[in-house]
Amino acid sequence: MARPDRRVRLAVIGVAALVLLAAVATPVWAQTSESTNGGETQSTANAEDFEDRARRWSEARKRAREEALRRAEELANQARTTSTTTTTTTAAPTTTTTTTTTTTEPPTTSEDTEIKHPIPAGTTEAQWHALRQCESTQNYRAISSSGRYRGAYQFSIRTWNWVAEMHYPDLVGVDPIDASPPDQDKMAYKLYEINGWDPWPTCKKRLPS
C-alpha cells in the first residue's frame, strides 16, 4: 500500500506545483498584455493629435491663400482704375500735336522745290536720270555691297570730300547718303565738270546720246 500512497502524494505535489506556476505566471502575462495595450493606446493618441494639428495647419494655410488672392484682386482693380484715368488725361494733348504737325507741312514743300541746280552744259536730264538709274536705281540713300560707294551717284567718301573741299566746304565730312538730293546732284554736276563721265566708267556706256 506504500507505493500507491506515494504516487498519490507525488500526483498531489505535481498538481500543486502546476497551480503555483499558473498563479505566478498570470500576473506577468497580464502585465505584458497591459503594457502592450498601453503602447497601442499611446500611439493612437499621438496619431490623432498629429492629424488634428495637420488639419488645423491646412485650414490656416487655406485662409491665408484666400486672403492673398482677395488682396491681389483689390490691387489689380486699383491698377485698372489708375490706367483708365491716365489714358483719359493724355488723350487731349495727342489731338493738339496732330493739329500742329498738319500746320507745319506747307513750308516743307516750298523748301524742297526752291533748291534746284542746273545740269552742266552739254548734258541732258535724260542722261542724268539714266546715270542715277544705273548707279542706284534713283535711290539717294543707296549703299554698295562693300559699303564704299554711297548715295544716288555712288560717291566714295574720299571723292566726295575732294570735290567738297574745292567747291562746297559746308559738305566736307558729310556722308553722301545724309546729304539732301539737291546737294548730291550739285556734287555730281561739279564732278562731271572736272572729269566728265569718267568717274562712272560702267554706267557712262549706258547713257543716251
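The structure this text deals with has already been given above.
As a starting point, this report considers the structure included with it.

Definitions and cut-offs
- Every chain is numbered independently, its residues counted from 1 as its sequence is written.
- Predicted model: local features are reported for residues with pLDDT of at least 70 only, side-chain atom pairs are reported and counted for 80 or more only, and whole-chain, interface and lining totals are derived from all residues.
- Note that the side-chain values use all heavy atoms of the structure and ignore hydrogens as well as water.
- The patch calculation keeps residues exceeding 30% relative accessible area without a salt bridge and links them within 9 Å when they carry like charges or within 5 Å when they are nonpolar (Val, Leu, Ile, Met, Phe, Trp, Tyr).
- Here the accessible surface of atoms and residues is derived via Shrake-Rupley with a 1.4 Å probe, and residues count as covered only by protein chains that are part of the display.
- Any carboxyl oxygen of Asp or Glu within 4 Å of a side-chain nitrogen of Lys or Arg constitutes a salt bridge here.
- We count a stretch as a helix when DSSP gives it H or I for four or more residues in a row; a strand needs E for two or more, and each element gets its number in order from the N terminus.
- Throughout, exposure labels follow a simple rule: accessible area from a 1.4 Å probe, protein chains only, divided by the maximum for the residue type, with under 20% read as buried, over 50% as exposed, and the rest as partly exposed.
- Any pair of Phe, Tyr and Trp rings, taking the six-membered ring for Trp, is counted once the centres come within 6.5 Å. Such a pair is stacked with planes under 30 degrees apart, edge-to-face with planes over 60 apart, and tilted for the rest.
- The criterion used for residue contact is that any of the two residues' heavy atoms lie within 4.5 Å.
- When the sulfur atoms of two cysteines come within 2.5 Å, that pair is taken as a disulfide.

A cluster of nonpolar side chains, Trp162, Met166 and Ile194, forms an exposed patch at the surface whose accessible area comes to about 270 Å². Summarising the element assignment, Trp162 is placed in helix α4 (residues 157–167). Relative accessible area serves as the criterion here: at 39%, Trp162 is assigned to the partly exposed category.

The subject of this paragraph is the packing of aromatic side chains. For any pair of aromatic rings, geometry is given as the distance between the ring centres together with the angle between the planes. A full pass over the atoms with the stated rule returns nine aromatic pairs. Ring geometry for Trp128 versus Tyr189: centroids 4.8 Å apart, planes at 70°, classification edge-to-face. Placement of Trp128 in helix α3 (residues 125–136) and of Tyr189 in helix α5 (residues 181–195) is noted, with a sequence separation of 61 residues between them. According to the relative accessible area criterion, Tyr189 is buried, its value standing at 5%. Relative to Trp200, the ring of Trp128 has its centre 6.2 Å away and its plane inclined at 85°; by these criteria the two rings are edge-to-face. In this pair, Trp128 is assigned in helix α3 and Trp200 in the segment after α5, connecting sequence segments 72 residues apart.

All right, on to the side chain of Asn161 then. Mapping Asn161 onto the fold places it in helix α4. Leaving out residues up to four positions away in the same chain, Asn161 has contacts with Leu171, Val172, Gly173 and Val174.

Moving on: the pattern of salt bridges. Where charged atoms of side chains with opposite charge meet at close range, the side chains can pair. In total, this model carries five salt bridges according to the counting rule given. A salt bridge links Asp183 to Lys186, with the shortest nitrogen-to-oxygen separation between them at 3.3 Å. Separated by three residues within a single helix, Asp183 and Lys186 lie in helix α5, roughly one turn from each other. Of the two residues, Asp183 and Lys186, both sit in the buried class. The partner of Lys204 in a salt bridge is Asp198, and the shortest N-O contact between them spans 2.8 Å. Owing to a relative accessible area of 34%, Lys204 belongs among the partly exposed residues under this scheme.

Now for the state of the cysteines. Within the structure shown, the criterion is met by one disulfide. Each sulfur in the disulfide pair Cys134 and Cys203 lies 2.0 Å from the other. The sign of the S-S torsion, about -75°, decides the handedness of the disulfide formed by Cys134 and Cys203: left-handed. Of this pair, Cys134 sits in helix α3 while Cys203 sits in the segment after α5; the two residues are 69 residues apart in sequence, bridging distant segments of the chain. Among the residues examined, Cys134 registers a relative accessible area of 25% and is labelled partly exposed.

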